[in-house]
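# Structural overview for review
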Amino acid sequence: MEITNEIILRPRFKFKVNEVNNVLLSLFEDKSKSQSDFIVTRVDDHVFIKIPKEKQHFWSPQLHLEINEDYDEENTSMIYGLFGPNPTVWTMFMFFHFVVAGFFIGFAIWAYVNWSLESSYAIQLFVTLLMVVVWFALYFGGRLGKRTGMSQMHELHHFMRDTLRSQDIHSIS
């Protein structure tokens, strides 16, 4: 039985490549200087590929690649990729989730205390249930944003793939 996870908001992937990681990292650095369709930045073993400002919208994704040396096999590297929104958008989105969770827990406790004291708890129960609705709205908003940025996600993936293929580098898995 295969279990699929349909609630992934930030898709991930990984694969092996028959090349040393420094060659791959310099390949992305060189590509960043020779084209202007994407913004490519490198920090140590990490490569960030972003959409230029003039093409960005609120849900524009970025691709974060971590290119590590594979210590088990000589002259191979492991590439870990993560698609996600702009870090500012992601932080704001997670902040909203934590605020909603905090209100949910706080009002649920308040409703329980009022129920135990046999006081009115209708408002607290209403806000608790409202937080569940807001939580679902945030989730579906994230899914909608992911769908909105899907075409740009494909562009980022094609850029990564074309950059790796430009050196005639083949992936193993």
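Data block above holds the structure.
Residues numbered from 1 in each chain as written. Predicted model: local features only at pLDDT ≥ 70, side-chain atom pairs only at ≥ 80, totals over all residues. Heavy atoms only, no water.

Along its length, the protein chain carries four helices and five strands. For the protein chain, the succession of helices and strands along the chain, N to C, is β-α-β-β-β-β-α-α-α. The C-alpha radius of gyration computed for the protein chain amounts to 22 Å, which surpasses the reference 16 Å derived for 173 residues by more than 25%, pointing to a less compact arrangement than a globule. Across its three principal directions, the C-alpha atoms of the protein chain cover 75 × 40 × 30 Å. For the protein chain, the residues scored as buried account for 33% of the 173 residues in total. Considering only intrachain contacts with a sequence separation of at least 6, the fraction spanning at least 24 residues in the protein chain is 63%. In the form shown here, the protein chain has an accessible surface area of approximately 11,200 Å², with 61% of it arising from carbon and sulfur atoms. For the protein chain, the centre of its 15 positive side-chain charges and the centre of its 19 negative side-chain charges are spaced 8 Å apart. (Helix = DSSP H or I, 4+ residues; strand = E, 2+ residues; numbered from the N terminus. Rg over C-alpha atoms; globule rule 2.2 N^0.38 Å. Buried < 20%, exposed > 50% of the residue type's maximum accessible area, 1.4 Å probe, protein only. Contact = heavy atoms within 4.5 Å. Areas by Shrake-Rupley, 256 points an atom, 1.4 Å probe, with all protein chains shown as cover. Lys, Arg positive; Asp, Glu negative; His and termini not counted. Charge placed at Lys NZ, Arg CZ, Asp CG, Glu CD.)

Let us look at the side chain of Gln35. Within the secondary structure layout, Gln35 lies in the loop between helix H1 (21-34) and strand S2 (39-43). The exposure class assigned to Gln35 is buried, which follows from its relative accessible area of 17%. Of note is the side chain of Gln35, whose polar atom sits 2.8 Å from the backbone nitrogen of Asp37. Sequence-distant contacts of Gln35, defined by excluding residues within four places in its chain, comprise Val40 and Phe159. (Polar contact = N/O pair within 3.5 Å; in protein donor to acceptor, adjacent residues only side chain to side chain.)

What follows deals with the pairing of strand S5 (residues 77-85). With eight of nine residues buried, S5 lies mostly within the body of the structure. Relative to S5, strand S4 (residues 61-69) is paired through nine bridges, and the arrangement is antiparallel. What sits directly across from Gln62, in S5, is Gly84. (Pairing = 2+ DSSP bridges.)

Moving on, we get to the nonpolar core. Phe28, Val47, Ile49, Leu65, Ile67, Ile79 and Met160 are the most contacted members of the largest nonpolar core, which totals 20 residues. Of all elements in the fold, only strand S1 (12-17), H1, strand S3 (46-50), S4, S5 and helix H4 (150-165) reach the threshold of two or more residues within this core. Examining the composition of this core, we find that five residues originate from one element, H4, more than from any other. In this structure Ile67 touches Asn21, Leu24, Leu25, Phe28, Asp45, Val47, Ser77, Met78 and Ile79, once residues within four positions along its chain are discounted. Counting residues in each nonpolar core, the second largest holds six residues, with Val100, Phe107, Val127 and Met131 among its members. (Core = buried A, V, L, I, M, F, W, Y, C linked by side-chain atoms within 4.5 Å.)

Attention now moves to the pattern of salt bridges. By the definition in use, this model includes four salt bridges. Where Lys16 meets Asp70, a salt bridge forms, and the shortest distance between an N and an O atom there is 3.4 Å. Residue Lys16 is located in strand S1, and its partner Asp70 is located in the loop between S4 and S5; the two are separated by 54 residues in the primary sequence. Residue Glu29 is joined to Arg42 by a salt bridge in which the shortest nitrogen-to-oxygen separation is 2.5 Å. On the criterion of sequence distance, the pair formed by Glu29 in helix H1 and Arg42 in strand S2 is long-range, its members being 13 residues apart. The partly exposed category is assigned to Glu29, whose relative accessible area is 30%. (Salt bridge = Lys/Arg side-chain N within 4 Å of Asp/Glu carboxyl O.)

Let us now look at the sheet that holds S4. Taken in spatial order, the five strands line up as S1-S5-S4-S3-S2 in an open sheet, and their pairing is antiparallel. At either margin of the open sheet sits one strand with a lone partner, and together these are S1 and S2. Adjacent strand axes in the sheet meet at a mean angle of 20 degrees when their direction is disregarded. Bridge count for S2 against S3 is five bridges, and the pairing is antiparallel. What sits directly across from Val40, in S3, is Ile49. Relative to S4, H1 is tilted by about 150 degrees, and along the sheet it contacts S1, S2, S3, S4 and S5. (Axes fitted to C-alpha atoms, helices over the stretch in contact; angles between N-to-C directions.)

So yeah, pure geometry; function would need other evidence.
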